[in-house]
Amino acid sequence: MSDPRRPRRFWFVTMGCQMNRHDSVRMAESLRAAGLEPAAGPADADVCIVNTCCVREKAEQKARSAVGRLAAWKRRRAGRRVIVAGCAAERRRAGWLDDFAHIDAVLGPDRLGELPGVAAVPPAADLPLVAAGFTAGRPEDFLAARPDLSGPGPTAFVTVSKGCGERCTFCIVPAVRGPLRLRPAEDVVAEAAGLAAAGVREVTLIGQAVNDYRRDGVAFGELLRRVGAVAGLLRLRYTSPHPRFVDEETARAHAETPVLCEHVHLPVQSGSDEVLRRMGRRYRRDDYRRAIDRLRGARADLTFGTDVIVGFPGETEAQFEETVALVREVGFTQVFSFAYSPRPGTAAARWPDDVPAAEKARRLRRLQRVADEIAGAWRRGRVGAAEEVLLEGPSDRAGGTWQGRTRHNDVVHVRPAAGFTPEPGALLRVTIEEARPHCLAGTPVAEAS
Ligand code: SF4
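Residues numbered from 1 in each chain as written. Predicted model: local features only at pLDDT ≥ 70, side-chain atom pairs only at ≥ 80, totals over all residues. Heavy atoms only, no water.

Q: Please clarify how the domain arrangement of the chain should be interpreted in this entry.
A: Note: interface size is frequently given as the accessible area lost on complex formation between the parts. Domain annotation of the chain identifies domain 1 (9–131), domain 2 (137–261), domain 3 (291–382) and domain 4 (383–447). For domain 2 versus domain 4, the separation of C-alpha centres amounts to 27 Å. Domain 2 puts 11 residues into the contact, and the matching count from domain 4 is 12 residues. With both sides pooled, the region where domain 2 packs onto domain 4 buries about 850 Å², and carbon together with sulfur makes up 51% of that total. (Domains from an automatic or database assignment. Contact = heavy atoms within 4.5 Å. Buried area = accessible area lost by both parts, 1.4 Å probe.)

Q: Sorry, what's going on with helix 8 (residues 185–197) here?
A: Residues that lie three or four places apart on an α-helix share one face, since the helix turns once every 3.6 residues. A rise of 1.5 Å per residue sets the reference length of helix 8, with its 13 residues, at 18 Å; its end C-alpha atoms lie 18 Å apart and thus fit the reference within 8%. Looking at the buried residues of helix 8, the elements they touch are helix 1 (18–33), helix 6 (147–150), strand 7 (155–159), strand 10 (202–206), strand 12 (218–219) and helix 9 (220–228). One or two positions beyond helix 8, positive phi appears at G199, with a value near 110°. (Helix = DSSP H or I, 4+ residues; strand = E, 2+ residues; numbered from the N terminus. Expected span 1.5 Å × (residues − 1).)

Q: It is not clear to me how the layout of surface pockets should be interpreted in this structure. Could you clarify?
A: A probe as big as a water molecule, rolled over the atoms, marks out the empty space that is left. Estimates place the volume of the second largest pocket at around 330 Å³. Around the second largest pocket sit 21 residues that line it, and P109, D110, D141, L143 and K162 are the ones nearest its centre. Elements represented by at least two residues in the lining of the second largest pocket include exactly helix 1 and strand 8 (161–162). Tallying contributions element by element places helix 1 first for the lining of the second largest pocket, with four residues. (1 Å grid on protein atoms, 1.4 Å probe; cavity = no way out; pocket = protein on both sides within 12 Å on 5 of 7 lines; lining within 4 Å. Points joined across faces, edges and corners; volume = space filled by probe spheres on them.)

Have a look at this one:
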């Protein structure tokens, strides 16, 4: 007979990037494999896992608030457990237990495999527990997808690597996710094949600098080709590549792999050589332009997204304007921009954070205005086009509208139409009728072939 004190239902609070959302899916699968079920909401849960982010100061504050609120949640029912996982767990390790007495376990991103051992067992004497630090790059250290347990949607991530081999001076990731460790290509392909067989239509290969990949003679371009050949897969993406590793083979893969989508998110961070040097990015503005040209040379219709940090220590107005100029030159259709905030433990945190907050906010607004202008022009140019849209699910809007994305990664709200029976994973041709501030809207014309 099962122990009645054994937790039965779990709930996740997930913060931060796509990598964390992906980790939460993998963790949920490992809990289901151990016999737990997802709760309908926190009130129904026995275990709450806060999957934290610490890439920016604000994210870490949010994680602390979420964990703090769980003290009252835990008191409401005996036997409940609070688990702090992810990057901020690694950064503070036992410091979490000093600050919050109600925490049962702290698991760094490399120790997520230990979750069932702390969440799915009857009350154990060895809690609270802190599991942190990095394992070696053995294939079994990668939490493999279990589509049989998660009931996958039409899109999924597949992990290519853990950690990061770069040392950008502003970035806490190598400290909290460890050195670069690569997954064998055959495991990546097998996981993509398993997901496709389970109904996933779009796979995104994910890693911190995902194209910093060469294992057993397989480089990133070849990996793209192999995953691109998986039966049943309709779309392939990758995130986030590093400009230093955009090589000819990757460009050729774009030309020769039909399922590879025509959008690449290629973080630039700054358009100033001097700022890039201090950021430790190890490329210059011209190198970045060459990476873009190389990819466009292979697929002229590629669009690009990017990440930008404004107000990095010492960034002058002129250096900031070089970034704005680069954003215009490349014509990014998506720009994620952030005001610099120092992260303890990084090289840049030792330098004066000398761009005043108000000035950072002004630069951010200016950059976002320029980015919106370019993206708006791009979206208005799509009106009248028949775009291929992969439906992901009903959108928030009432009235039978569904949401999907184009191959260029534009979100499209698909309006109901006669003879249109929406289902997740359907590939449709949609006539774009409207360009909205951050998305497109249109009506299906026929199933895309
Ligand atoms: S490439 Fe640079 S910014 Fe990206 S995770 Fe690695 S160290 Fe951080």
